[in-house]
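Residue-level listing of the chains:
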Amino acid sequence: MTSATTRTGRARHLEAVALELFAARGFDAVTVDDLAAAGGVGRRTFFRYFPTKLDVVLGELDDALAALVVTLHAVPAEVDPVAAAREAFLQVNAYADRDVPALRRRLRLIETVPEVAARAAVRYAAWERAVAVDAAARWGCSTTELRPQVFARVVVAAMRGVFTTWLDSSADDGASLRALVGEAFDDVGRGFAARS
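These figures come from a predicted structure and were not determined experimentally.

1. Looking at the nonpolar core
Okay, step 1: One finds Phe-46, Val-57, Leu-68, Phe-89, Ile-110, Trp-127 and Phe-185 to be the most contacted residues of the largest nonpolar core, which totals 65 residues.
Okay, step 2: For this core, the secondary-structure elements that each account for two or more residues are helix 1 (9–25), helix 2 (32–39), helix 4 (53–74), helix 5 (81–92), helix 6 (100–112), helix 7 (114–139), helix 8 (146–168) and helix 9 (174–191).
Okay, step 3: Considering every element that reaches this core, the biggest residue donor is helix 8, with 10 residues.
Okay, step 4: With near-sequence residues (within four places) excluded, Ile-110 lies in contact with Val-57, Leu-58, Leu-61, Val-116, Ala-117, Ala-120 and Tyr-124.

In structure tokens form, the structure reads like this:
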């Protein structure tokens, strides 16, 4: 959910080529050999960067999770979980307009290819755990309690809803995505306001 900063230039190049091939031919029709050839590397080199074809699509989710955790830790402890998560997800979703075409291709694959969607669900569960840990610490309760668990699932579901809405729109810029993230957190905030 953020433009990658931890992957190397070669990995980003392979990823961009792969996303274009998947968009043109369909995920199932593209082989690892196709990806390696289009990226100008051998099969073994490709596997040094990506263990599977799925990881070409989903590796950015891991990078974004790492960025989310760092950002949540940077938000002062006295900030409530909704505001902290809002800040973190706005930062993680700060895409430059030049990165939007690749993001749209990636999200379209996650939304439409069952195998990719199933593997993405595992990654989203890790996002939920990170949000629950942060929220529990801010609320002063156990991560296993209902409130942080529900909150985390709502937040990640809201972000998935943001992506679906953004994909179905004609928006072609990063600002429109961030605006939707803000709107989603407005709605989440009303449901998770501080208890009296």
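2. Things to note about the packing of aromatic side chains
Okay, step 1: According to the stated counting rule, one finds six aromatic pairs in the structure shown.
Okay, step 2: Between Phe-89 and Phe-185, the ring centres sit 6.0 Å apart and the planes meet at 35°, which makes this aromatic pair tilted. On the criterion of sequence distance, the pair formed by Phe-89 in helix 5 and Phe-185 in helix 9 is long-range, its members being 96 residues apart. As far as burial versus exposure is concerned, Phe-89 and Phe-185 are alike and both buried.
Okay, step 3: Put simply, the rings of Phe-46, Phe-47 and Phe-50 pair up and form one aromatic cluster.
Okay, step 4: In this arrangement the basic side chain of Arg-104 is found over the ring face of Trp-166, its NZ or CZ atom lying 4.8 Å from the centre.
Okay, step 5: Geometry around Trp-139 places Arg-147 over its ring, the cationic atom sitting 3.9 Å from the centre.

3. Points about the pattern of salt bridges
Okay, step 1: In this structure the tally under the stated criterion is nine salt bridges.
Okay, step 2: The residue Asp-33 makes a salt bridge to Arg-43 at a minimum N-O spacing of 3.0 Å. Separated by 10 residues along the polypeptide, Asp-33 in helix 2 and Arg-43 in helix 3 (residues 43–49) bring together distant segments of the chain.
Okay, step 3: The partly exposed category is assigned to Asp-33, whose relative accessible area is 43%.
Okay, step 4: Close ionic contact of Asp-55 with Arg-123 constitutes a salt bridge, the shortest N to O distance being 2.9 Å. Highlighted residues: Asp-55 in helix 4 and Arg-123 in helix 7, separated in sequence by 68 residues. The same class applies to Asp-55 and to Arg-123, which are both buried.
Okay, step 5: Each of Glu-15, Glu-60 and Arg-106 takes part in a single network of salt bridges with overlapping partners.

4. Brief notes about the environment of Ala-16
Okay, step 1: Among the structural elements, Ala-16 can be located in helix 1.
Okay, step 2: Each C-alpha atom of the pair Ala-16 and Phe-163 lies 19 Å from the other, and the pair is 147 residues apart in sequence.

5. Remarks on helix 2
For an α-helix the count is 3.6 residues per turn, leaving residues at separations of three or four pointing the same way.
Okay, step 1: The set of residues buried in helix 2 consists of Val-32, Leu-35, Ala-36 and Gly-39. With its buried residues spanning 95° around the axis, helix 2 presents them on a single face.
Okay, step 2: In this structure, the buried residues of helix 2 make contact with helix 1, helix 3 and helix 4.
Okay, step 3: Positive backbone phi, approximately 75°, marks Gly-40, located one or two places after helix 2.

6. Describing the confidence of the model for the chain
Okay, step 1: In the predicted model, the chain carries a mean pLDDT of 91, and 94% of its residues have values of at least 70.
Okay, step 2: Residue range residues 1–6 is modelled with pLDDT below 50. Its contacts to residues more than four positions away, or to other chains, number 24 contacts.

7. Here's the deal with a nonpolar patch on the surface
Okay, step 1: On the surface, a nonpolar cluster with roughly 240 Å² of combined accessible area is contributed by Leu-146, Val-150 and Val-154.
Okay, step 2: Within the element layout of this structure, Val-154 appears in helix 8.

8. Points about the packing of helix 6 against helix 7
Okay, step 1: Close contact between helix 6 and helix 7 brings their axes to 6 Å; oriented N to C, the two are set at 100°. Comparing the axis directions of helix 6 and helix 7 gives the class roughly perpendicular. In this structure, helix 6 contributes Leu-109, Ile-110 and Thr-112 to the contact, and helix 7 contributes Pro-114, Val-116, Ala-117, Ala-120 and Tyr-124.
Okay, step 2: Considered class by class, the residues forming the contact of helix 6 with helix 7 number seven nonpolar, one polar and no charged.

The rules we used
Residues numbered from 1 in each chain as written. Predicted model: local features only at pLDDT ≥ 70, side-chain atom pairs only at ≥ 80, totals over all residues. Heavy atoms only, no water. Core = buried A, V, L, I, M, F, W, Y, C linked by side-chain atoms within 4.5 Å. Buried < 20%, exposed > 50% of the residue type's maximum accessible area, 1.4 Å probe, protein only. Helix = DSSP H or I, 4+ residues; strand = E, 2+ residues; numbered from the N terminus. Contact = heavy atoms within 4.5 Å. Phe/Tyr/Trp six-rings, centres within 6.5 Å; stacked < 30°, edge-to-face > 60°. Lys NZ or Arg CZ within 6 Å of the ring centre and 35° of its normal. Salt bridge = Lys/Arg side-chain N within 4 Å of Asp/Glu carboxyl O. Arc of directions from axis to C-beta. pLDDT = per-residue confidence, 0-100. Patch = residues over 30% accessible without salt bridge, like charges linked within 9 Å, V, L, I, M, F, W, Y side chains within 5 Å. Areas by Shrake-Rupley, 256 points an atom, 1.4 Å probe, with all protein chains shown as cover. Axes fitted to C-alpha atoms, helices over the stretch in contact; angles between N-to-C directions. Parallel < 35°, antiparallel > 145°, perpendicular 65-115°, else oblique. Nonpolar A, V, L, I, M, F, W, Y, C, P; charged D, E, K, R; others polar.

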